[in-house]
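Chain by chain, the residues run as shown.
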Amino acid sequence: RIGSPVESYKDVKNVANSVHSYILMVWSNIDRSELTESDDDVGDISSISYSDKDKKININGSGASVSGKIVTITQGGEYTVSGKITDGMIQVNSTAKVKIRLSNANISNSSGPAILFANADKAFITVANGTTNYLSDGSSYSNGKGTIFSETDLEIKGKGTLYITANYKHGICCDNDLVIENGIINIQSAVKDGIHAKKSIEISGGTINIKNCEGDAIDCRCKLIERQTIFIKIKSQLIIIAVMEMV
């Protein structure tokens, strides 16, 4: 069944277990830009950028601080991240809603995740329209489980492109509920799963390419609850999923 449409996560899992290189593609003809975004209206807008000229990270606005190449966000709001950060990280430790907007950002971290939501009321990542962004993590660390790691609910959306390389475990990992609304997400490789969540995963649109994973394309490890057996939800009949082997 490699290369043919599949109808359920069970089918995806069966195929994914038989190959180590595959692509998962999700299409939807829904124009998500027409929908309201009240849930991720998080407040004040700040910017975080790396200056090649000054060789440092600049923060324009409040709610975040920088130590070396580690940016820590402690207040709710929206933070636009741009530029190349090597051996750095964006980490969130807040009790409010926090949105990180990636706008031509390139973040690599040899000793941890690229983006870490250690604490937040809810976490959001928006991949800005028309931008290309790159994230990669280190091969060993203790403060996360993936290149993007969130302890709280995480929602990913946007009309830009995101490339993820996972050198430690998962590409995208959430210890609660994960929602992917749209965007072009390319997980180039992962030591374990491409996308991993503890409670649930919901995909409602976008294009997701996953390859070179030693684990599963998509995996949810929620404990079995009586009469609640669907943990991965593909929302809308307009979405097609295909899994195919990479040659």
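These numbers were taken from a predicted model, which means no experiment stands behind them. (Residues numbered from 1 in each chain as written. Predicted model: local features only at pLDDT ≥ 70, side-chain atom pairs only at ≥ 80, totals over all residues. Heavy atoms only, no water.)

1. Remarks on the packing of aromatic side chains
Piece 1. One pass over the structure, following the stated rule, counts two aromatic pairs.
Piece 2. Seen from their ring centres, Tyr134 and Tyr163 are 5.1 Å apart, and the 10° between their planes marks the pair as stacked. Placement of the pair is Tyr134 in strand β11 (residues 132–136) and Tyr163 in strand β14 (residues 161–166), with a sequence separation of 29 residues.
Piece 3. Assessed through its relative accessible area of 39%, Tyr134 is described here as partly exposed.
Piece 4. With a centroid separation of 4.5 Å and 50° between ring planes, the pair formed by Tyr141 and Tyr168 is classed as tilted. Linking Tyr141 in the loop between β11 and β12 (146–150) with Tyr168 in the loop between β14 and β15 (170–174), this pair joins segments that are 27 residues apart in sequence.
Piece 5. Residue classification places Tyr141 among the buried residues on the basis of a relative accessible area of 7%. (Phe/Tyr/Trp six-rings, centres within 6.5 Å; stacked < 30°, edge-to-face > 60°. Helix = DSSP H or I, 4+ residues; strand = E, 2+ residues; numbered from the N terminus. Buried < 20%, exposed > 50% of the residue type's maximum accessible area, 1.4 Å probe, protein only.)

2. Observations concerning the sheet that holds β15
Piece 1. Taken together, the eight strands give an open sheet; going across it, the order is β4-β5-β7-β9-β12-β15-β18-β21, and neighbouring strands pair in mixed fashion. A single partner strand is all that each edge strand has here, and the edge strands are β4 (64–67) and β21 (218–220). On average, each strand axis in the sheet is tilted by 15° relative to the strand beside it, whichever way the strands run.
Piece 2. Where β4 meets strand β5 (residues 70–73), four bridges bridge the pair, whose relative direction is antiparallel. Paired with Ser67 across the strands is Ile70, a residue of β5. (Pairing = 2+ DSSP bridges. Axes fitted to C-alpha atoms, helices over the stretch in contact; angles between N-to-C directions.)

3. Some details on unusual backbone geometry
Piece 1. Of note, Asn104 is a non-glycine position whose phi angle comes to about 60°, a positive value.
Piece 2. With respect to the helices and strands, the residue Asn104 is situated in strand β8 (residues 97–108).
Piece 3. We note that Asn212 has phi near 55°; this positive angle belongs to a residue other than glycine.
Piece 4. Along the chain, the position of Asn212 falls in the loop between β20 (207–210) and β21.

4. Here's the deal with the pattern of salt bridges
Piece 1. Inspection of every chain in the model, using the stated rule, returns seven salt bridges.
Piece 2. Asp175 serves as the salt-bridge partner of Lys145, at 3.1 Å between the closest nitrogen and oxygen. Taken together, the positions of Lys145 in the loop between β11 and β12 and Asp175 in the loop between β15 and β16 (177–180) put the pair 30 residues apart, joining distant regions of the chain.
Piece 3. A relative accessible area of 28% places Lys145 in the partly exposed class.
Piece 4. In this structure Asp175 comes out as buried when scored by relative accessible area, which is 11%. (Salt bridge = Lys/Arg side-chain N within 4 Å of Asp/Glu carboxyl O.)

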